[in-house]
Amino acid sequence: MAKQSFSSGQTLTAAQMDALQKNDYNQTVSAKTAPYTLVAGDVGTHVQMTASTATTISVPAATFAEGDSLFISSLGAGACTIQAASTAITVSGSSLVLSQFGGGTLRFVSSSACTFFSGAGSVPSTVDVLVVAGGGGGGHGNQASGNNDGYGGGGGGGGFFTASFAINLSTNYAVTVGAGGAGGSGTDGSTGSNSRFDAVYTFGGGGGGSGGTAAQARVGLNGGSGGGGGGRGAKAGGTGTIGQGNNGGSSISGDAGAGSGGGGGAGAVGANGSGTTVGGAGGVGIASTITGSSVFYAGGGGGGATGTGGAGGTGGGTAGSITGNSTAAGANTGGGSGGGGVVAGPNGSGGSGVVIFRYKTSLTITIGAGLTGSTATDGSFKVTTITVGSGNVSWA
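Reading the values: rules and limits
- Residues numbered from 1 in each chain as written.
- Predicted model: local features only at pLDDT ≥ 70, side-chain atom pairs only at ≥ 80, totals over all residues.
- Heavy atoms only, no water.
- Phe/Tyr/Trp six-rings, centres within 6.5 Å; stacked < 30°, edge-to-face > 60°.
- Helix = DSSP H or I, 4+ residues; strand = E, 2+ residues; numbered from the N terminus.
- Buried < 20%, exposed > 50% of the residue type's maximum accessible area, 1.4 Å probe, protein only.
- Lys NZ or Arg CZ within 6 Å of the ring centre and 35° of its normal.
- Pairing = 2+ DSSP bridges.
- Axes fitted to C-alpha atoms, helices over the stretch in contact; angles between N-to-C directions.
- Disulfide = S-S within 2.5 Å.
- Core = buried A, V, L, I, M, F, W, Y, C linked by side-chain atoms within 4.5 Å.
- Contact = heavy atoms within 4.5 Å.
- Salt bridge = Lys/Arg side-chain N within 4 Å of Asp/Glu carboxyl O.

Caption draft 1: Spatial organisation of the packing of aromatic side chains. Per the stated rule, a full pass over the model turns up 7 aromatic pairs. Residues Phe165 and Phe197 carry aromatic rings whose centres are separated by 5.3 Å and whose planes lie at 70 degrees to one another, so their mutual orientation is edge-to-face. Taken together, the residues span a long stretch of sequence, with Phe165 in strand 12 (residues 160-166) and Phe197 in strand 14 (residues 195-197) at a distance of 32 residues. Among the residues examined, Phe197 registers a relative accessible area of 1% and is labelled buried. Counting every residue linked through ring pairs, the aromatic cluster contains Phe165, Tyr173, Phe197, Phe357, Tyr359 and Trp395. The side chain of Arg358 reaches across the aromatic face of Phe381, ending 4.6 Å from its centre.

Caption draft 2: Focus on unusual backbone geometry. One non-glycine residue, Ser170, adopts positive backbone phi at about 55 degrees. For Ser170, a relative accessible area of 46% corresponds to the partly exposed category. For Asn332, which is not glycine, the phi dihedral falls at a positive 65 degrees.

Caption draft 3: Broad picture of the sheet that holds strand 4 (residues 55-59). The mixed open sheet is built from 4 strands, whose spatial order is 2-4-6-8. Whereas interior strands pair on both sides, the edge strands pair on one side only; in this sheet they are strand 2 (36-37) and strand 8 (97-98). Across 2 bridges, strand 2 lies against strand 4 in parallel orientation. For Tyr36, the partnering residue across the bridge sits in strand 4 and is Ile57.

Caption draft 4: Geometry of the pairing of strand 18 (residues 354-360). Counting buried residues along strand 18, 6 of its 7 residues qualify, which places the element largely inside the surrounding structure. Pairing of strand 11 (residues 126-132) with strand 18, which is carried by 5 bridges, proceeds in the antiparallel orientation. Bridge assignment links Val131 to a residue of strand 18, and that residue is Val355.

Caption draft 5: Seen up close, the pairing of strand 11. Within strand 11, 5 of the 7 residues are buried, leaving the element largely enclosed by the surrounding structure. Where strand 11 lies against strand 12, 7 bridges are found, and the strand directions are antiparallel. For Leu130, the partnering residue across the bridge sits in strand 12 and is Thr162.

Caption draft 6: View of the sheet that holds strand 5 (residues 69-74). The mixed open sheet is built from 6 strands, whose spatial order is 1-3-5-9-10-7. Pairing within the sheet leaves two strands with one partner each, and these edge strands are strand 1 (29-32) and strand 7 (90-92). Strand after strand, the sheet turns through a mean of 25 degrees between neighbouring axes, direction not considered. Bridge count for strand 9 (residues 103-110) against strand 10 (residues 113-118) is 6 bridges, and the pairing is antiparallel. From the neighbouring strand, Ser110 faces strand 10, where its bridge partner is Ala113.

Caption draft 7: Broad picture of the state of the cysteines. Per the counting criterion, the structure on display carries 0 disulfides. No disulfide involves Cys114; its sulfur sits 14 Å from that of Cys80, the nearest cysteine.

Caption draft 8: Inspection of the nonpolar core at higher detail. Counting residues in hydrophobic clusters, the biggest one holds 20 residues, and the most contacted among them are Leu38, Val59, Ile72, Leu106 and Phe108. Those elements that provide at least two residues to this core are strand 3 (46-49), strand 4, strand 5, strand 6 (80-84), strand 9 and strand 10. Apart from residues lying up to four places away in sequence, Val59 is in contact with Leu38, Ile82, Gln83, Ala84, Ala85, Ile89, Val91, Leu106, Phe108 and Cys114. If you look at the next biggest cluster of nonpolar residues, it comprises 17 residues, including Val127, Val129, Phe357 and Ile365.

Caption draft 9: Layout of the pattern of salt bridges. Within this structure, the stated rule accounts for 2 salt bridges. Among the salt bridges present, the one from Arg218 reaches Asp188, with a minimum N-O distance of 2.7 Å. In this pair, Arg218 is assigned in the loop between strand 15 (200-202) and strand 16 (286-288) and Asp188 in the loop between strand 13 (173-176) and strand 14, connecting sequence segments 30 residues apart. Take Arg218: its relative accessible area is 44%, and that puts it in the partly exposed class. For Asp188, a relative accessible area of 15% gives the class buried.

Caption draft 10: Spotlight on the environment of Thr87. Looking at the element boundaries, Thr87 is found in the loop between strand 6 and strand 7. Along the primary structure Thr87 and Leu221 are separated by 134 residues, whereas in three dimensions their C-alpha atoms are 59 Å apart.

Caption draft 11: Region of interest: the environment of Gly76. Residue position: Gly76 is located in the loop between strand 5 and strand 6. Along the chain, Gly76 and Gly230 lie 154 residues apart, while their C-alpha atoms are 60 Å from each other. Not counting residues up to four positions away in its chain, the partners in contact with Gly76 are Met49, Thr50, Ala51 and Gln100.

Structure, rendered in structure tokens:
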């Protein structure tokens, strides 16, 4: 209800008595559709913003007294910011931005200072998140002996993680998109870089082991998914991270050109080399529908061999080479690149990672400095894809 004023000796009417019995849920409501500056008559009432776009409610100085209060809410889809009308008044509070269905009490401690006690509102604050790390680079044949010995193992797929998170509005969350690991050049492939959302990290895919003689060949590197073992010394694949990926495959012991192991994928282990000339296939990745379509991420790279290179795992992994260097994995797939042959390197690099958010259209994301991303709409949801960089995001 509106604030009541009485004088000494006044006799209250029945209507005034009825008004005094009204509780806070029956306050006089004044709907606003555009930026609004509060007036003295708003004391004790409910000011409700109904705008569909972002707007403001300004609080003037020298208009309200100590102890005055009013309720402010936002019914419209646009964010409503409560702000000082001038430098002569201070408006404080844990959150001065109301999303749809949010509200709170504005209470004055003096004519030049007030505090807004806000409620969270019932606007959905859950965000679906996909975090994929950079894929590992494929290993390369070691030519030190001059005998064209051995092919490199496939790079492992980047770590894969997806979940729903309850987020706080107007709060920064750290985001990093990991780069793919460099392909080897007579060496192991490099492990991909980690990706991050807030406290969740996914680990870069392990590099594929380099090939060579039985003494020179190397095991696959550990990572989100492990890299494949390099041919031709029966070398083990790298170990994947539980909950993010799988182990790489082992190479087979044999003559020059024996099959190396495929890199592990988020959805399956990398295959072992087989026969004496067949590389192991990269492990399959995992499909996500966070964008509104089913897309695979974090497949492993195939192992190199002299006869048949291992196939790349679905989800960005590329095939192992039989004649030279493997192809780089696609950007933002988290796929591992295939193992390379015995010509001059380097192999192609692993695919970079990606961080994707899916959330209700009533929320608005801010992509901070250092990050590159874009936002699309899928029905009643927005989908924001962060493709490069490191920085912060927040929602309002």
